[in-house]
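# Observations on the three-dimensional arrangement
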Amino acid sequence: MQDDQPEEKDRNFVTALARGLELLRAFEAGETYLGNGELSKRTGIPKPSVSRLTYTLTQLGYLKYNSHLEKYLLGPGVLALGYRFFASHGIRQLARPYMQELANSTDCAIALGDVDRNAITYVEVCQGTGPLVMRLEAGSRLPVVSTAIGRAWLCGVSEQRRTAFLEQLKTADPKQWEAAQGVIDKSLADYQRYGFVFSEGDWENEISAVAVPLILEGGSEVMAINCGGASLRLTHQILTEKLGPRLKRLASSIQDQLKHG
């Protein structure tokens, strides 16, 4: 389990529940089956405990068991939770028309994301009509430090929250953490100058993007929105003079809708 879990500090913390959720998180994108041994190795939970937890999660419908492989895959209960999350996340419905309009007019991918632990997760994605280098969907998880959307989130949160995130990142993903400070300093400078941040071939060589933080509820909640596509087409000048300003206006429109809607 993650080192920052408070089970030994907080009497209200339910360790069994936390461990069960850790097992569900252990399934990565594109994977299907994992056995108890693999789950134990990934989570650090002792195998006897894993066996009891997987049995319980199977009974509840969050896992499905393949007796031939003696392994588990995520069950429909997890999908139901995902649908309920998206249904309750009203910002998606509000933001989508603005995002789709920008995607259509720029032939780029526009994504709305939120940070979950050491990654940023797309909660909504709108695509342009033309061919794109990479098509990601809602639920995709991206690194924070090397992506424009992650950098925008870091610029939007308070210094205290940014410091806390970096402390967690140091343990969870040392590679990201080592590169973080210089990247964050540059992104903060870009955000101060332009009101948006960049990633030009930093995450994927062929992808460039610009992003802005979406600051909600007076800063108590921060998400981020990016606009990206092929680096050959999205030059620094286009990002700076066209896409960045349009993305800022998009974020302002969403915030205005939330205030008056």
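The shown structure was predicted, so the numbers you read here are calculated from the model rather than taken from an experiment.

### Here we look at the pattern of salt bridges
Going through the model one piece at a time under the given rule, you end up with seven salt bridges. Notably, a salt bridge pairs Arg96 with Glu124, separated by 2.9 Å at the nearest N-O pair. Here Arg96, found in helix H5 (residues 90-106), pairs with Glu124, found in strand S4 (residues 119-126); they are 28 residues apart in sequence, far enough to count as distant. Here Arg96 falls in the partly exposed class, since its relative accessible area comes to 34%. Taking relative accessible area as the criterion, Glu124 reaches 7% and is therefore assigned buried. The residue Asp190 makes a salt bridge to Lys186 at a minimum N-O spacing of 2.8 Å.

### A short note on unusual backbone geometry
For Glu70, which is not a glycine, the phi torsion comes out positive at approximately 60°. Checked against the element boundaries, Glu70 lands in the loop between strand S1 (63-66) and strand S2 (71-74). For Asp107, which is not glycine, the phi dihedral falls at a positive 55°. Checked against the element boundaries, Asp107 lands in the loop between H5 and strand S3 (109-116). Overall, Asp107 belongs to the partly exposed group, its relative accessible area being 23%.

### Focus on the side chain of Thr106
With respect to the secondary-structure elements, Thr106 resides in helix H5. Overall, the relative accessible area of 11% leaves Thr106 in the buried class. At 2.6 Å, the side chain of Thr106 and the backbone oxygen of Leu102 are in polar contact. Those residues within four positions of Thr106 in sequence are excluded, and the remaining contacts are Cys227, Arg233, Leu243 and Arg246.

### Focus: the pairing of S1
Bridge analysis of S1 against S2 gives four bridges, and the strand direction is antiparallel. Its bridge partner lying in S2, Lys64 is registered against Leu73. The antiparallel pairing of S1 with S2 creates a hairpin that spans four residues between the two strands, and Glu70 there sits at a positive phi of about 60°.

### Digging into the sheet that holds strand S6 (residues 197-200)
The strand order across the open sheet built from six strands is S5-S4-S3-S8-S7-S6, with neighbouring strands paired in antiparallel fashion. Each end of this open sheet is capped by a strand with a single partner; those strands are strand S5 (141-143) and S6. Averaged over neighbouring strand pairs, the angle between their axes works out to 35° when direction is ignored. Along the sheet, H5 makes contact with S3, S4, strand S7 (207-216) and strand S8 (221-230), crossing S4 at roughly 70°.

Cut-offs applied
- Residues numbered from 1 in each chain as written.
- Predicted model: local features only at pLDDT ≥ 70, side-chain atom pairs only at ≥ 80, totals over all residues.
- Heavy atoms only, no water.
- Salt bridge = Lys/Arg side-chain N within 4 Å of Asp/Glu carboxyl O.
- Helix = DSSP H or I, 4+ residues; strand = E, 2+ residues; numbered from the N terminus.
- Buried < 20%, exposed > 50% of the residue type's maximum accessible area, 1.4 Å probe, protein only.
- Polar contact = N/O pair within 3.5 Å; in protein donor to acceptor, adjacent residues only side chain to side chain.
- Contact = heavy atoms within 4.5 Å.
- Pairing = 2+ DSSP bridges.
- Axes fitted to C-alpha atoms, helices over the stretch in contact; angles between N-to-C directions.

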